[in-house]
Amino acid sequence: MGVLLAEPEGGFDFVSALSMDEVRTHVKSLSAVGSRFTGYPGYYRALSYVNSTLRSLNLTPKFLEFTVAVPFDYGATIRVANRSIRAFHLYPNLVALGAATRIRGQLVYVGKGSPAAGSDLKGKIAIADFDSDWAMIAAGGPAAIVFLGPVPNRESALDKISLAPVDIPRLYVEGEDAKLLREAAEKGLEAAIEGRYEWRRVTAYNILAEIPGTAEPEKVVILAAHVDSGSVVPALAPGAEEAVNIAILLHLARLLKEHPPRYTVWLLFLSGHWQGLAGAREFVESVIFSGKVGREVFPYIVFNFDLSSGDSRVVVYPGGFFYGHRTQGAMNLYTDFRYSLMDMLKEFYNKYPNDYEKIRSSAMEYNATANLVFLRSFNPGYAILCSQPFFLDAEPFQLAKVPAVSFLTFQDPRVAVFTPGDSYERLNWRNLEPQVKFAFFVLSRVLSDISTVFKGSWDVIKPRRVEVDPVNGGFGFVSVYVDVVEYDPVVPTLYKPVPNALVVVYKRDWYYNVMGSLAVTQFNPPFGMIIEIANEEGRARVVGLAPPEIFIRNVEVYAYKVENGRLTYVPDMGSNGLARFLPYPPKLSMGMELRAVVFRAAHLLVPLIAVPDTPLPLATFNMYGKASYAIPYTRYISPYPVSVSIFYPNLAPPDSYYYSIDYVHRFAVISAPPETEICAIVSLGSEQRRTIILLNASGSEIRGYKLGKAGSLRYVVGAPMTYVSELMNLAEERY
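Scoring rules and cut-offs
Residues numbered from 1 in each chain as written. Predicted model: local features only at pLDDT ≥ 70, side-chain atom pairs only at ≥ 80, totals over all residues. Heavy atoms only, no water. Helix = DSSP H or I, 4+ residues; strand = E, 2+ residues; numbered from the N terminus. Rg over C-alpha atoms; globule rule 2.2 N^0.38 Å. Buried < 20%, exposed > 50% of the residue type's maximum accessible area, 1.4 Å probe, protein only. Contact = heavy atoms within 4.5 Å. Areas by Shrake-Rupley, 256 points an atom, 1.4 Å probe, with all protein chains shown as cover. Lys, Arg positive; Asp, Glu negative; His and termini not counted. Charge placed at Lys NZ, Arg CZ, Asp CG, Glu CD. Polar contact = N/O pair within 3.5 Å; in protein donor to acceptor, adjacent residues only side chain to side chain. Salt bridge = Lys/Arg side-chain N within 4 Å of Asp/Glu carboxyl O. Expected span 1.5 Å × (residues − 1). Arc of directions from axis to C-beta. Axes fitted to C-alpha atoms, helices over the stretch in contact; angles between N-to-C directions. Parallel < 35°, antiparallel > 145°, perpendicular 65-115°, else oblique. Left-handed = near helix turned anticlockwise from the far one by under 90°. Nonpolar A, V, L, I, M, F, W, Y, C, P; charged D, E, K, R; others polar. Phe/Tyr/Trp six-rings, centres within 6.5 Å; stacked < 30°, edge-to-face > 60°. Lys NZ or Arg CZ within 6 Å of the ring centre and 35° of its normal. Pairing = 2+ DSSP bridges. Core = buried A, V, L, I, M, F, W, Y, C linked by side-chain atoms within 4.5 Å.

Draft legend 1. Local environment of the overall build of the chain. Looking only at helices and strands, the chain features 14 helices and 36 strands. Scaling as 2.2 N^0.38, a compact globule of 735 residues should have a C-alpha radius of gyration of about 27 Å, and the chain matches this with 27 Å. When its C-alpha atoms are laid out on the principal axes, the chain stretches across 90 × 60 × 55 Å. Classification of the 735 residues of the chain by burial places 61% in the buried group. Taking as baseline every contact in the chain between residues at least 6 positions apart, the subset at least 24 positions apart corresponds to 78%. Accessible area for the chain stands at about 27200 Å²; split by element, carbon and sulfur atoms hold 51% of it. The chain carries 70 positive and 72 negative side-chain charges, and their two centres are separated by 1 Å.

Next comes the structure, spelled out in structure tokens:
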């Protein structure tokens, strides 16, 4: 324990009491409980640890229960040469789990997935290095892909996730098992895989502990961090970097208990961070919008901890990339706090010069010669150069007009985060300590004088359901209901509910917008979207949507269903689906009812889509995953326009169909009713040039591609040659 010094005038000095040894102890314990992916056993052990630690301080934590949808991996076994090898499923492609159920085939080692290695894999089990080109391997039509660990870094982990729901079984094996499996694959041995992977609605908890204020207890400062962790292999998510922030909060709990603050402090341990900030959204809905707030308690600011150890530069950051709510209107919330923070940074510079040099950056610095302070993170838009798109638990609070900022290590690439290798041993404590000191320094000042945050009437920052400001951008936090249905002409209403479907919500480009690409979440990884499971009546409640009228893009709602590990329902883009019920409501209001139409489907994977007469990719994205223009002042746009026409061999379009494009991995997933023969044309560019024609024709006879049963996936194997052959057949028939 650190030596507690005398309290300075005006409040307790948290910096002097900081004990990094105590923080280390908590991190070591929390990163050893197993996967803290929400809903997994290690997550509940972490909650128990937080609870017991708080109770040891004579605090009485409240467990605030909610449910959340998670991909739950029961694990898999690969049996080969009388050996059983333990394997784990990868994170879903959007919602497609790729569950490995009753798979048999020859093992083939494909290394990093060269075109030659992935050319003939139909019915085989591909064994690949983790940093391989998995899309090239998938083009060969394997029965499953097994990746060999370790996962080299976060970037490689994210590359294994597609935003198109391609339902290919994909597994992960590490350590000695990985060596054994590679040896078996190099010998071409036969193997059998059996696993279980499903979407589950699990019970999660936000933990709230209260430290009553000694002078003005009705005024509240919220300190937050998330308990759960994420990984490309959900069952292997040690999350040591993320555990740092829980540990800081537990350390603060002891200091605040021993030295009660002037104002009430809520210590908030959130869950569901990797499920679209589910815990933070639920807390705003159930607590911030409860009758108690504004009558008995008055939250002034939320400080969210999102520190990491790969870099020492820290900023105080409003908003984030989940909602992209960094409008001028949002930044205006922090006018008073920004000026106060300037003074705090000057004071920190003078009092802790060595620590200041470690945390300073062009985003947050004090020029002593000119006596100027720069806090560029409070400028609207992208503002500062973050290392990646950060989805921050402070965001739902700010969306509801509650001032909320994050202590953020903004230039840390966090190479181990979202990987099974995010271990305690990799942490760099020298980078962490100056960041924690600065955060504690800011808290000391705020907890001594709440006017450093906001000087006006609290009513100005009172939580808002919707506040429209077409000039600066407004605020808004609404919850809606989504009914998932499928067309059925034999029922009186023509549509019947689809129970236990998955509802996916994100924000797309739209006319009314003041934030540019920052507000588009269409290309976020799935954990940067909202995914909910509908009940038995096909209804899902979606909490914490940003209304389009606050001018940060339009919400789109789609639905899917996974049964027995297979994707069996997809959005209906046909005459009975999107043609009748648009997925993007022009306005949203509290309690509004939306409809998402799905149909039962089988799938066709069309790989290796390319623009034939240009070296440019289908899309380019900036470092935040936002579509960007690679070559300014040219006709090239991003994403490159890709459309798919789907029809039967008699040239009639199906009543129900669906397609999804993965611009990064260059493939399309096409869906149509099961057991049907379909044809497709993939057109590229604004001119919609017909680049890929899939007819499976023989002379003048069009046979199409026969789909299997619901949830099955067929591949266009040998794609480049198939595409050329199809075009040549068509040319011969025409000319």
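Draft legend 2. The side chain of Ser-312, seen in detail. Considering the arrangement of structural elements, one finds Ser-312 in the loop between strand E10 (298-306) and strand E11 (315-318). Judged by its relative accessible area of 14%, Ser-312 is buried. Within the structure, the side chain of Ser-312 is placed 2.6 Å from the backbone oxygen of Lys-358, a separation counted as a polar contact. Those residues in contact with Ser-312, other than ones at most four positions away along the chain, are Lys-358, Ile-359, Asn-431, Pro-434 and Gln-435.

Draft legend 3. Representation of the pattern of salt bridges within the structure. In the structure shown here, the tally under the stated rule is 31 salt bridges. Arg-254 is the salt-bridge partner of Glu-22, the closest N and O atoms lying 2.8 Å from each other. Of this pair, Glu-22 sits in helix H2 (residues 20-30) while Arg-254 sits in helix H7 (residues 240-258), and the two are 232 residues apart along the sequence. Judged by its relative accessible area of 9%, Glu-22 is buried. For Arg-254, a relative accessible area of 8% corresponds to the buried category. Where salt bridges share partners, they join Glu-22, Arg-254 and Glu-258 into one cluster.

Draft legend 4. Expanded view of helix H14 (residues 719-734). Between its first and last C-alpha, H14 extends 23 Å over 16 residues, near the 22 Å set by a 1.5 Å rise per residue. For H14, every residue scored as buried is listed here: Ala-719, Thr-722, Tyr-723 and Glu-726. One face of H14 carries all of its buried residues, which in axial projection span an arc of 100°. In H14, those exposed residues whose orientation departs by more than 90 degrees from the buried face are Met-721 and Glu-732. Where the residues of H14 are buried, they touch strand E25 (602-606), strand E32 (689-694), strand E33 (697-698) and strand E35 (705-706).

Draft legend 5. Main features of the packing of H2 against H7. With their axes 8 Å apart at the nearest point, H2 and H7 run at an angle of 130° to one another. With respect to their mutual orientation, H2 and H7 come out oblique. Judged by the sense of rotation from one axis to the other, the crossing of H2 with H7 is right-handed. Residues Glu-22, Val-23, His-26, Val-27 and Leu-30 of H2 lie in contact with H7, whose contacting residues are Ala-240, Ala-243, Val-244, Ile-246, Ala-247, Ile-248, Leu-250, His-251 and Arg-254. For the contact of H2 with H7, the residue count by class is 10 nonpolar, 2 polar and 2 charged.

Draft legend 6. Spotlight on the side chain of Glu-216. Here Glu-216 is to be found in strand E8 (residues 216-226). Its relative accessible area of 18% is what places Glu-216 among the buried residues. Among all residues touching Glu-216, those that are not within four sequence positions of it are Arg-262, Tyr-263 and Thr-264.

Draft legend 7. View of the packing of aromatic side chains. Following the criterion strictly, the structure yields 44 aromatic pairs and no others. Judged by centre distance (4.9 Å) and plane angle (90°), the rings of Phe-322 and Tyr-323 are edge-to-face. Classification of Tyr-323 by relative accessible area gives buried; the value is 3%. Relative to Tyr-495, the ring of Tyr-487 has its centre 5.5 Å away and its plane inclined at 70°; by these criteria the two rings are edge-to-face. One aromatic cluster in this structure is built from Phe-37, Tyr-40, Phe-72, Tyr-74, Tyr-91, Trp-274, Phe-322, Tyr-323, Phe-391, Phe-418 and Phe-527. The cationic tip of Arg-508 hangs over the ring face of Tyr-584; the distance from NZ or CZ to the ring centre is 4.8 Å.

Draft legend 8. Structural detail: the environment of Tyr-659. For Tyr-659, the location among the structural elements is in strand E29 (residues 658-662). A relative accessible area of 19% places Tyr-659 in the buried class. Taking the C-alpha atoms as reference points, Tyr-659 and Val-570, separated by 89 residues in sequence, lie 9.1 Å from one another. When residues no more than four places from it in sequence are discounted, the contact partners of Tyr-659 are Met-573, Val-642, Ser-643, Val-644, Ile-646, Val-669 and Ile-670.

Draft legend 9. Region of interest: the sheet that holds E25. In spatial order, the strands read E29-E30-E25-E36; together these 4 strands make up an open sheet with mixed pairing. What marks the edges here is a single partner per strand, and that holds for E29 and strand E36 (713-715). Mean inter-strand twist for the sheet, computed between neighbouring axes without regard to direction, equals 20°. Strand direction decides the pairing type here: E25 and strand E30 (residues 667-672), joined by 5 bridges, are antiparallel. Residue pairing across strands places Val-606 opposite Ala-668, the latter belonging to E30.

Draft legend 10. H7, seen in detail. Its 19 residues give H7 an end-to-end C-alpha distance of 27 Å, which sits within 8% of 27 Å, the value for a rise of 1.5 Å per residue. Burial of H7 is extensive: 17 of the 19 residues sit out of reach of the surface.

Draft legend 11. Summary view of the environment of Phe-147. Inspection of the secondary structure puts Phe-147 in strand E5 (residues 144-148). C-alpha separation for the pair Phe-147 and Asp-133, spaced 14 residues apart in sequence, amounts to 11 Å. If we skip the residues at most four places from it in the chain, Phe-147 touches Leu-90, Ala-128, Asp-129, Phe-130, Ser-132, Trp-134, Lys-160, Arg-170, Leu-171, Tyr-172 and Val-173.

Draft legend 12. Quick peek at the nonpolar core. Judged by nonpolar contacts, the single largest core of 194 residues is most densely connected at Phe-303, Phe-337 and Phe-397. The biggest single contributor to this core is H7, with 12 residues. Discounting residues that sit within four places of it in the chain, Phe-303 has contacts with Val-221, Ile-222, Leu-223, Ala-224, Phe-337, Val-405, Phe-407, Val-442, Leu-443 and Val-446. Among the nonpolar cores identified, the runner-up in size contains 32 residues, and Ile-670, Leu-684, Val-716 and Ala-719 belong to it.

Draft legend 13. The packing of H2 against helix H3 (residues 41-56), seen in detail. Across the interface, H2 lies against H3 with an axial gap of 10 Å and an inter-helix angle of 150°. Each of Thr-25, His-26, Ser-29 and Leu-30 in H2 lies in contact with H3, whose residues at this interface are Ala-46, Tyr-49 and Thr-53.

Draft legend 14. Up close: the environment of Ala-128. Locating Ala-128 in the fold gives a position in strand E4 (residues 125-129). Through-space distance from the C-alpha of Ala-128 to that of Arg-182 is 8.4 Å; in sequence the pair is 54 residues apart. Apart from the residues lying within four places of it in its own chain, the contact partners of Ala-128 are Val-110, Gly-111, Ile-137, Ile-145, Val-146, Phe-147 and Leu-148.

Draft legend 15. Quick look at the pairing of strand E3 (residues 103-111). Pairing of E3 with strand E7 (residues 190-211), which is carried by 4 bridges, proceeds in the antiparallel orientation. Residue pairing for E7: Gly-105 is matched across the bridge by Ala-191. Pairing of E3 with E4 involves 4 bridges; the strand directions are parallel. Paired with Tyr-109 across the two strands is Ile-127, which belongs to E4.

Draft legend 16. Representation of the pairing of strand E1 (residues 62-80) in the model. Here E1 pairs with E7 via 17 bridges, running antiparallel. Within E7, the position partnered with Asp-73 by the bridge is Tyr-197. Pairing geometry for E1 and strand E2 (residues 83-89), over 5 bridges, is antiparallel. Within E2, the position partnered with Val-80 by the bridge is Arg-83. In this antiparallel pair of consecutive strands, E1 and E2, the connection spans 2 residues, and Ala-81 shows a positive phi of 50°.

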